[in-house]
Amino acid sequence: MTDILEVKDLHTSIDGQEILKGVNLIVREGEIHALMGPNGTGKSTLANVLMGHPSYEVTKGQILFKGEDLTEMATDERARMGLFLAFQYPVAIPGVSVANFLRQAINAHRKAQDPEYKGISIPEFRKLLKEKMDLLEMAHEFAGRYLNDGFSGGEKKRAEILQLATLEPSIAILDETDSGLDIDALRIVANGVNTLSGPDLGVLIITHYQRILNYIKPDKVHIMLDGQIVESGGADLAQHLEEQGYDWVREKHNGKVQG
Ligand code: ADP
Ligand code: MG
């Protein structure tokens, strides 16, 4: 069975205000999806809810992953099931190296599968890390730096992509919208996604701007407006947005989606 993330009629409120108003979305392993839309339409809210952020209340609908209902599951449980959720604003952990952090993350995942697991050995971990860094063409020194401590935007993205590579999730969700990615960071994310995506990995890229899609070709593009996905199509839909902006989406759907 393909691993699939399925969002069904998802409604979400924060502080009593409804933000998501019936989101439906299916991402299968091996597919690259882009979720686009004007600012303030609920894209990051969806990412946060998929992640299990405690501030958001799911008032209706379901999130299914590999056939299981995630809706009430804790963030770490979702991660251990094979869902990768990137943080838009990753925190710095001075004193903990990128390598150490990744080792802990791998151990946490493996222990969840097998309570008897004693932890990955240093040689096995070194080999794995080297393999992944080579695949992503990263300098090995990077692994020795303290996680996100004084990292540039590009370096934060590099750490995120390396984490994605080592944890080998089946679905990855990347919210890139408001992070003000410079071109360097954008390329790191795009190259990472292009290198890692394949039959075992599905990706949902959340983005306001079309420009990252100059480097990544999505299988499907969705447009969110007012807490709902109102348009879905192929890569040409992103191209259309680049040329036309979002006004036509608003014109077409105004009145249909009410706040
Ligand atoms: P997008 O990522 O598409 O720009 P968001 O999901 O960040 O949109 O925001 C959607 C709507 O939810 C906005 O109107 C925003 O003001 C509101 N919102 C988001 N987070 C919160 C919060 N923590 N408290 C109250 N309102 C919020
Ligand atoms: Mg956002």
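Up top is the structure these notes are about.
Residues numbered from 1 in each chain as written. Chains lettered and ligands numbered in written order. Predicted model: local features only at pLDDT ≥ 70, side-chain atom pairs only at ≥ 80, totals over all residues. Heavy atoms only, no water.

Trainee: Where do I start with the overall build of the chain in this structure?
Mentor: Scanning the chain for helices and strands turns up eight helices and twelve strands. For 259 residues, the compact-globule formula gives about 18 Å, and the C-alpha radius of gyration of the chain, at 18 Å, lands near that figure. Structurally, the chain occupies a C-alpha span of about 60 × 40 × 35 Å along its principal axes. Evaluated residue by residue, the chain yields a buried proportion of 49% over its 259 residues. Sequence-distant contacts, at least 24 apart, represent 69% of the contacts inside the chain between residues at least 6 apart. Accessible surface computed for the chain: about 12,500 Å², of which carbon and sulfur atoms make up 47%. (Helix = DSSP H or I, 4+ residues; strand = E, 2+ residues; numbered from the N terminus. Rg over C-alpha atoms; globule rule 2.2 N^0.38 Å. Buried < 20%, exposed > 50% of the residue type's maximum accessible area, 1.4 Å probe, protein only. Contact = heavy atoms within 4.5 Å. Areas by Shrake-Rupley, 256 points an atom, 1.4 Å probe, with all protein chains shown as cover.)

Trainee: Explanation requested: the site of ligand 1 in the structure shown.
Mentor: Around ligand 1, the neighbouring residues are Ile14, Asp15, Ile19, Pro38, Asn39, Gly40, Thr41, Gly42, Lys43, Ser44, Thr45 and Tyr56. Take Ser44: an N or O atom from its main chain is 2.8 Å from an oxygen atom of ligand 1. Interatomic distance of 2.5 Å between a side-chain N/O atom of Thr45 and an oxygen atom of ligand 1. Looking at the shell around ligand 1, its residues break down into four nonpolar, six polar and two charged. (Near = heavy atom within 4 Å. Polar contact = N/O pair within 3.5 Å; in protein donor to acceptor, adjacent residues only side chain to side chain. Nonpolar A, V, L, I, M, F, W, Y, C, P; charged D, E, K, R; others polar.)

Trainee: Looking at this structure, I do not really get the environment of Lys60. What am I missing?
Mentor: Within the secondary structure layout, Lys60 lies in strand 4 (residues 57–65). Residue classification places Lys60 among the partly exposed residues on the basis of a relative accessible area of 46%. In this structure the C-alpha to C-alpha distance between Lys60 and Ser232, which are 172 residues apart in sequence, comes to 22 Å. Side-chain polar atoms of Lys60 contact the side chain of Asp9, separated by 3.3 Å.

Trainee: Before we go on, may I ask you to explain the sheet that holds strand 10 (residues 202–206) in this structure?
Mentor: Adjacent strands of a sheet pair through backbone hydrogen bonds, lying either parallel or antiparallel. Spatial strand order, 6-9-10-3-11-12: six strands in an open sheet with mixed pairing. The sheet terminates laterally at strand 6 (83–85) and strand 12 (228–233), the two strands that pair on one side only. Geometrically, the sheet is characterised by an average inter-axis angle of 20° between neighbouring strands, direction not taken into account. Here helix 1 (residues 43–51) sits on the sheet and contacts strand 3 (32–36), strand 6, strand 9 (171–175), strand 10 and strand 11 (220–225); the angle it forms with strand 9, its principal contact strand, is near 140°. (Pairing = 2+ DSSP bridges. Axes fitted to C-alpha atoms, helices over the stretch in contact; angles between N-to-C directions.)

Trainee: What exactly am I supposed to notice about unusual backbone geometry here?
Mentor: Outside of glycine, negative phi angles account for most residues, and trans bonds account for most peptide bonds. In this model, Asp15 sits at a positive phi of 50°, which is unusual for a non-glycine residue. Checked against the element boundaries, Asp15 lands in the loop between strand 1 (4–14) and strand 2 (17–28). Positive phi outside glycine occurs at Asp226, with the angle close to 50°. Inspection of the secondary structure assignment puts Asp226 in the loop between strand 11 and strand 12.

Trainee: Any chance you could explain the nonpolar core here in plain terms?
Mentor: If you look at soluble globular proteins, the nonpolar side chains tend to sit buried side by side. Formed by 52 residues in total, the largest nonpolar core has its most connected members in Met36, Leu129, Phe142 and Leu162. Setting aside residues no more than four positions away along its own chain, Leu129 makes contact with Ala99, Leu102, Ala143, Leu162 and Thr166. In this structure, Leu5, Met51, Met73 and Leu85 belong to the second largest nonpolar core, which totals 27 residues. (Core = buried A, V, L, I, M, F, W, Y, C linked by side-chain atoms within 4.5 Å.)

Trainee: I keep staring at the packing of helix 3 (residues 98–113) against helix 4 (residues 122–135) and nothing clicks. Help me out?
Mentor: Relative placement of two packed helices is described by the angle separating their axes and the distance separating the axes. Where helix 3 meets helix 4, the closest approach of the two axes is 11 Å, and the angle between their N-to-C directions is 110°. It follows that helix 3 is roughly perpendicular to helix 4 by the angle criterion. Seen from helix 3, the contacting residues are Ala99, Leu102, Arg103, Ile106 and Arg110; seen from helix 4, they are Ile122, Glu124, Phe125, Leu128 and Leu129. (Parallel < 35°, antiparallel > 145°, perpendicular 65-115°, else oblique.)

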